[in-house]
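Listed below, chain by chain, are the residues.
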Amino acid sequence: MKNLAEKNMMEAVLAKLANCEDARLKEISASLIRHVHEFVREIEPSMEEWFAGIRFLTETGRICDDKRQEYVLLSDILGVSMLVDAIANRKPPSATESSVLGPFYQAGAPARETGTDLAAADVDGDHVHVHGKVRGLDGKPIQGATLDVWQTAPNGLYHMQDQGQDEFHLCGKFQAGADGGYAFDTLCPVSYSIPTDGPVGKYLRAMGRHPFRPAHIHFIVSAPGHKAVVTQIFTDGDEYLESDAVFGVKNSLIARFERKGSGRFEVEYDFVLEKN
């Protein structure tokens, strides 16, 4: 352990894993150590830069609470969340593709009847009728599939971000019928800015990037005997489809919101689940 220097520091740290009994932890830790050491060798940070990085991570942790996860947001804007998602959710070509969960999902949304309007009566905005079917890869309907739905209000905020919204506003759980069908009404989603008042927002600005996400509705679709999918449907024509701040858009998840009258739209989207 004497005479440790730039050329042998990584090997000395890796050697400390010799007694690690958890094989997966040992594998992950070894890879982490190698990549972090190579990262430092590549960028050769000054001590001031290194401590600035430590402060950034500290500030990121401090802003996290039960309603805000700044580390998830950091993972999102670096594309890591979508990379992990892509690796963990390799699917057959016809199965519904996944997308990022995001930092503002809250479990426990109430069960809603088919056709329920998720919008509070006193909230203004264009409305959309969302409907479709849940089926398997064989094309057969999946009766009783659960669709957990959430989105932002027209002000670009999720209910837990905004004291002016009721808890679980624009959220709900629906059960697919015997034909696999589901339907509900809600406000048309809007493009919005991810939170920029914390360290991640400051980092985005420093990188010269915008913080906007294209309009979308979140879904978690699940059914017994099938693999759940965490996904989103995006509004066709949104200006941020090509530059989503969190890299969550996939072509198969873009849907046409068809105008049906003044302030009324309709979108049809089918979800396809693969078996376990």
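See above for the structure.
So, here's what we can say about the structure. (Residues numbered from 1 in each chain as written. Predicted model: local features only at pLDDT ≥ 70, side-chain atom pairs only at ≥ 80, totals over all residues. Heavy atoms only, no water.)

1. Some remarks on the environment of Trp50
Turning to step 1, where the next piece is worked out: In this fold, Trp50 is placed in helix H3 (residues 47-62).
Turning to step 2, where the next piece is worked out: Its relative accessible area of 37% is what places Trp50 among the partly exposed residues.
Turning to step 3, where the next piece is worked out: Residues Trp50 and Tyr203, 153 residues apart in the sequence, show an inter-C-alpha distance of 15 Å.
Turning to step 4, where the next piece is worked out: If we skip the residues at most four places from it in the chain, Trp50 touches Val40 and Pro45. (Helix = DSSP H or I, 4+ residues; strand = E, 2+ residues; numbered from the N terminus. Buried < 20%, exposed > 50% of the residue type's maximum accessible area, 1.4 Å probe, protein only. Contact = heavy atoms within 4.5 Å.)

2. Describing the state of the cysteines
Turning to step 1, where the next piece is worked out: All told, the structure shown has zero disulfides when counted by the stated rule.
Turning to step 2, where the next piece is worked out: You can see Cys188 has no disulfide; the closest cysteine sulfur is in Cys171, sitting 17 Å from it. (Disulfide = S-S within 2.5 Å.)

3. A look at unusual backbone geometry
Turning to step 1, where the next piece is worked out: You will see that Phe168, though not glycine, has its phi angle at about 65°, which is positive.
Turning to step 2, where the next piece is worked out: Mapping Phe168 onto the fold places it in the loop between strand S2 (146-150) and strand S3 (171-175).
Turning to step 3, where the next piece is worked out: For Phe168, a relative accessible area of 10% puts it in the buried group.
Turning to step 4, where the next piece is worked out: One non-glycine residue, Leu170, adopts positive backbone phi at about 65°.
Turning to step 5, where the next piece is worked out: Inspection of the secondary structure assignment puts Leu170 in the loop between S2 and S3.
Turning to step 6, where the next piece is worked out: Overall, the relative accessible area of 0% leaves Leu170 in the buried class.

4. Some words on a nonpolar patch on the surface
Turning to step 1, where the next piece is worked out: On the surface, Phe39, Ile43, Met47, Trp50, Phe51 and Ile54 cluster together to form a nonpolar patch covering roughly 600 Å² of accessible area.
Turning to step 2, where the next piece is worked out: Where the nonpolar patch is concerned, the elements lending two or more residues are helix H2 (23-43) and H3.
Turning to step 3, where the next piece is worked out: With respect to the helices, strands and loops of the structure, Phe39 is situated in helix H2. (Patch = residues over 30% accessible without salt bridge, like charges linked within 9 Å, V, L, I, M, F, W, Y side chains within 5 Å. Areas by Shrake-Rupley, 256 points an atom, 1.4 Å probe, with all protein chains shown as cover. Salt bridge = Lys/Arg side-chain N within 4 Å of Asp/Glu carboxyl O.)

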